[in-house]
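Breakdown of the fold
What follows is each chain in one-letter form.
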Amino acid sequence: MTMGDPIISVRGLVTRFGTHTVHDGLDLDVRRGEIIGIVGGSGTGKSVLLRAVVGLLKPAAGEIRVFGESVRDTPELQYRQLRKRWGVMFQGGALFSSLNVQQNVEAPMREQLDLSPQTRAALAAIKVRMVGLPENALGQMPSELSGGMRKRAGFARAIALDPEIVFLDEPTAGLDPIGAAAFDILIAQLRAALGLTVFFVTHDLDSLHAICDRIAVLAEGRVLATGTMAEMQQIDHPWVQAYFKGPRARAALVQKRTA
Amino acid sequence: MTRHPHIEIADDTMRLSGDMLISDIEGIAGANVPSGTISVIDITQVGRMDTAGAWAVVSLERRIGGGGSKPMVTGASQAQAGLLATLREHMPQDAAVPSHKISVADRLEAFGRATTRAAHTAIAMTGFLGQVVATMFGLILHPKRIRWIAIVHHMQQVGLNAVPIVSLMAFLIGVVLAFQGAAQLRQFGAEVFVVDLIAISILRELGVLLTAIIVAGRSGSAFTAAIGAMKMREEIDAMKTLGVDPITVLVVPRVLALILMLPVLGLIANVSGLIGGAIMSWIELGVSPSVFKARFVSDTDVWHFGVGMIKAPFFALIIGIVGCYEGMQVKGDTESLGELTSVSVVLSIFLVIAADALFSIFFEIVGV
């Protein structure tokens, strides 16, 4: 693949749970180095799309290519190589509850690479500080952390191997506005420092304004529109209008202008 | 294609080349460096660099610098410079992890803490028992508040659904007793005493005790898991805010159902165990069912049965209280749910056996 090719390319994706069709011929391209925000109403399959792209869920039809390779038909060994190149952060952080934060962040290094314990510990300490956790968090168990700290630790685990793509599932949901804003800044900083491509499932209009390069709107089983925040304002679809021109969107927009 | 990283030292310059990626960075970060002579780290030749590569560069920089002046890092691209700056900011100064040895004093302290924790648990559990009993008396005064549907539901769960496993278990115990007893008794020509052996051991001890152990494993753990899951999902807090007492709604029906059903299960176990023993005696020793019955009726004191049955409600109380108490102790995480479920089963089985021993002494003193 060349640099211009999309890093993630989804074509004609169909996913079904029983008789309920979630995606019906969904197309989406993600470019290298961008932060793409995936929005949509509840139940439009944002998280399902994420799970399909990382291969946790087998779609009924369609093609998903990441780094130019098909996620569905890749043999196990090659898929493992592919998996090293992305990191996923789930909604609640999904930290392993029996491991402390340091062991959680070390887990991908332990599984994928052959590093000495000292190196692993040093790298884990850096990653934990990069996501803005205090150093004493290293020895803490996930149950001792607040929701925001858990998400940060989950993010640290997702970037442990310096992936090229990070998938974030509602990283700012359930955080207070200050914590959410700090998380937005963190994502933007790490994108700049590590050259990440970020696949960002969110509901948070402020996050969309603050850091997303492009937005993809999911509705009616497909991607209704993609474009920048400004372009979203122009799209003539009742749901898109309601979402991006509702009272909360206006407030976020005002905030952005005065900031 | 990745190129392996490489170090070259010429005069006062350390030249790094290749791709500095996490997969083969360890040699670089740990490389020997002559102290004090290097003033420049040149990374012009470095291809790709990730966080781990930047970590290696920064740790080289710090080690060469030691306490004195740090070497200059030159030749970094804009992205690499940004990454290095991020690392310098976030890398802890002292990477050494303090090692802690466990001393005798630590072990003593741990032992002391475990002992006081056990004492606190005993006090708290006794308090919980008191609370449940008080609630039960309160319900007797206000019978309208009793949750009959919940009680019947739990009676089905802990009682009716346990009948197959309990009767099969007791039947096999009867078979084993007859089989093992026969081998010994035959040596004395005292085959017919197998009836007494089976009747007394099953009625007095095994029937109820083993039923209680099975119920502790089956229902005690289910109580802990169910109440613990509700605790995790804040359902119990929700009940409290609605003015619903969790003990009335969750604990009392479960404990009552157990107290009502464990004697019934014990009775079924007794009957099933006797049938198993009788069949095995017939096959193995030729003691016909009619002889078995006659000997059983004439020789076995009804108090053997009574002693067994008296214990059943107490065992039920222990299992119910322990199961519900441990469920209430579950914190927000899944880890504690699993841990407490296993604690609940082990503790209730232990307490049932301990109670059984106390009952033995008591009945010995009373003389039944």
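Treat the numbers as computed from the prediction; the structure is a model and nothing was measured.

Right, let's talk about the overall build of chain B for a bit. Regarding its fold elements, chain B presents 12 helices and four strands. Scored against the burial criterion, the 368 residues of chain B give a buried share of 43%. Counting contacts in chain B only where the partners sit at least 6 residues apart, residues at least 24 apart contribute 81% of the total.

What follows is about the packing of helix α9 (residues 246-285) of chain B against helix α10 (residues 289-299) of chain B. All names here are of chain B. One can describe the packing of α9 onto α10 by two numbers: an axis separation of 9 Å at closest approach and a directional angle of 130°. It follows from the interaxial angle that α9 and α10 lie oblique. Seen along the crossing, α9 lies across α10 with a hand that is right-handed. Here Leu-274, Gly-277, Ala-278, Ser-281 and Trp-282 of α9 come into contact with α10, specifically with Pro-289, Phe-292 and Phe-296.

Attention shifts here to the confidence of the model for chain B. Note: predicted coordinates in regions of low pLDDT should not be interpreted at a detailed level. Residues and elements named next belong to chain B. Confidence in the prediction for chain B averages 88 pLDDT; 96% of positions are at 70 or higher. The least confident element of chain B, judged by mean pLDDT, is helix α1 (residues 26-29) at 75; the most confident is helix α11 (residues 302-328) at 95. With pTM at 0.69, the complex prediction returns an ipTM value of 0.73.

Another aspect to go through is the environment of Ser-219 of chain B. All names here are of chain B. Within the fold, Ser-219 resides in helix α7 (residues 194-232). Residue Ser-219 is classed as buried on the basis of its relative accessible area of 3%. Counting along the chain gives 39 residues from Ser-219 to Leu-258, while the straight-line C-alpha distance between them is 8.8 Å.

Below, the discussion takes up the packing of aromatic side chains. With the rule as written, the count across this model stands at 10 aromatic pairs over all chains. Seen from their ring centres, Phe-315 of chain B and Phe-359 of chain B are 6.4 Å apart, and the 75° between their planes marks the pair as edge-to-face. Here Phe-315 of chain B is found in helix α11, whereas its partner Phe-359 of chain B is found in helix α12 (residues 334-366), with 44 residues between them in sequence. We note that Phe-315 of chain B, like Phe-359 of chain B, is buried. Through successive ring pairs, a cluster of aromatic residues spans Phe-314, Phe-315, Phe-359, Phe-362 and Phe-363 of chain B. The ring of Phe-96 of chain A carries Arg-157 of chain A above its face, with NZ or CZ at 4.4 Å from the centroid. Positioned above the aromatic ring of Phe-193 of chain B, the side-chain terminus of Arg-295 of chain B is 4.9 Å from the ring centre.

This brings us to the nonpolar core. Counting residues in each nonpolar core, the largest one holds 80 residues, and the members touching the most others are Phe-155 and Phe-244 of chain A together with Trp-55 of chain B. Setting aside chain neighbours within four positions, we find Phe-155 of chain A in contact with Met-89, Val-131, Val-166, Leu-168, Phe-183, Leu-186, Ile-187 and Leu-190 of chain A. Counting residues in each nonpolar core, the second largest holds 50 residues, with Val-132, Ile-151, Met-230 and Phe-359 of chain B among its members.

Turning to unusual backbone geometry, a few remarks are in order. Residue and element names in this part refer to chain A. The backbone of Phe-67 sits at a positive phi, close to 55°, despite the residue not being glycine. You can see Phe-67 is positioned in the loop between β4 (61-66) and β5 (69-70). Classification of Phe-67 by relative accessible area gives buried; the value is 5%. A positive phi angle, close to 55°, is found at Glu-220, a residue other than glycine.

Residues and elements named next belong to chain B. Its place among the elements puts Leu-285 in helix α9. Among the residues examined, Leu-285 registers a relative accessible area of 16% and is labelled buried. Once the C-alpha coordinates of Leu-285 and Val-194 are considered, the two residues, 91 residues apart in sequence, prove to be 9.0 Å apart.

Looking now at the packing of helix α2 (residues 51-65) of chain B against helix α3 (residues 78-90) of chain B. Residues and elements named next belong to chain B. In contact at an axis separation of 9 Å, α2 and α3 are set at 65° when each is read in the N-to-C sense. α3 is crossed by α2, and the crossing has right-handed handedness. Where α2 approaches α3, its residues Thr-51, Ala-54, Trp-55, Val-57, Val-58, Glu-61 and Arg-62 are matched on the opposing element by Leu-83, Leu-84, Leu-87 and Arg-88. Here the contact of α2 with α3 is composed, by residue class, of seven nonpolar, one polar and three charged.

So, about the pairing of strand β2 (residues 13-20) of chain B. Residue and element names in this part refer to chain B. For β2, the buried fraction is high: six of the eight residues fall into the buried class. Where strand β1 (residues 6-10) lies against β2, five bridges are found, and the strand directions are antiparallel. Residue pairing across strands places Ile-9 opposite Met-14, the latter belonging to β2. The pairing of β2 with strand β3 (residues 40-49) spans six bridges and is classified as parallel. Counted as the bridge partner of Met-20 is Met-49 from β3.

Right, let's talk about the environment of Ala-124 of chain B for a bit. All names here are of chain B. Looking at where Ala-124 falls in the secondary structure, it is placed in helix α4 (residues 104-141). The class for Ala-124 is partly exposed, based on a relative accessible area of 32%. Between the C-alpha atoms of Ala-124 and Tyr-325, which are 201 residues apart in sequence, the distance is 8.9 Å.

Either a parallel or an antiparallel arrangement is found when strands of a sheet pair, and the pairing is made through backbone hydrogen bonds. Residue and element names in this part refer to chain A. On the basis of which strands lie adjacent, the open sheet formed by four strands has the order β2-β1-β4-β5 and antiparallel pairing. The open sheet is flanked by β2 (20-30) and β5, the only strands paired with a single partner. The sheet contact formed by strand β1 (residues 8-17) and β4 spans five bridges and is antiparallel. Among the inter-strand pairings, Val-14 is bridged to a residue of β4, identified as Ala-61.

Looking now at the interface of chain B and chain A. Taken together, the contact pairs 17 residues of chain B with 21 residues of chain A. Between chain B and chain A, a total of about 1700 Å² is buried, with carbon and sulfur atoms accounting for 65% of that surface. When residues of chain B are sorted by the area they lose upon contact with chain A, Ile-22, Glu-26 and His-90 of chain B head the list and together hold 33% of the total. Linking chain B with chain A are zero salt bridges, by the criterion used here. Across the contact surface, chain B and chain A share two residue pairs in polar contact (both at pLDDT 80 or more). At the level of secondary structure, the elements contributing two or more residues to the side of chain B that touches chain A comprise α2, α3 and α12 of chain B. Across the side of chain B that touches chain A, the residue classes break down as seven nonpolar, five polar and five charged.

Residues and elements named next belong to chain B. Side chains of Val-302, Trp-303, Ile-310, Phe-314, Leu-358, Ile-361, Phe-362, Ile-365, Val-366 and Val-368 sit close together on the surface and give an oily, nonpolar patch of about 1000 Å² of accessible area. For the nonpolar patch, the secondary structure elements donating two or more residues are α11 and α12. As for its placement among the helices and strands, Ile-310 is situated in helix α11.

All names here are of chain A. All of the buried residues in helix α3 (residues 101-112) are Val-101, Asn-104, Val-105, Glu-106, Ala-107, Pro-108 and Met-109. Turning to α3, the residues buried within the fold contact α4 (117-130) and α5 (147-158). With a side-chain oxygen lying 3.1 Å from the backbone nitrogen of Gln-102, the N-terminal cap of α3 falls on Asn-100.

Each value, and the rule that gives it
Residues numbered from 1 in each chain as written. Chains lettered and ligands numbered in written order. Predicted model: local features only at pLDDT ≥ 70, side-chain atom pairs only at ≥ 80, totals over all residues. Heavy atoms only, no water. Helix = DSSP H or I, 4+ residues; strand = E, 2+ residues; numbered from the N terminus. Buried < 20%, exposed > 50% of the residue type's maximum accessible area, 1.4 Å probe, protein only. Contact = heavy atoms within 4.5 Å. Axes fitted to C-alpha atoms, helices over the stretch in contact; angles between N-to-C directions. Parallel < 35°, antiparallel > 145°, perpendicular 65-115°, else oblique. Left-handed = near helix turned anticlockwise from the far one by under 90°. pLDDT = per-residue confidence, 0-100. Phe/Tyr/Trp six-rings, centres within 6.5 Å; stacked < 30°, edge-to-face > 60°. Lys NZ or Arg CZ within 6 Å of the ring centre and 35° of its normal. Core = buried A, V, L, I, M, F, W, Y, C linked by side-chain atoms within 4.5 Å. Nonpolar A, V, L, I, M, F, W, Y, C, P; charged D, E, K, R; others polar. Pairing = 2+ DSSP bridges. Buried area = accessible area lost by both parts, 1.4 Å probe. Salt bridge = Lys/Arg side-chain N within 4 Å of Asp/Glu carboxyl O. Polar contact = N/O pair within 3.5 Å; in protein donor to acceptor, adjacent residues only side chain to side chain. Patch = residues over 30% accessible without salt bridge, like charges linked within 9 Å, V, L, I, M, F, W, Y side chains within 5 Å. Areas by Shrake-Rupley, 256 points an atom, 1.4 Å probe, with all protein chains shown as cover.

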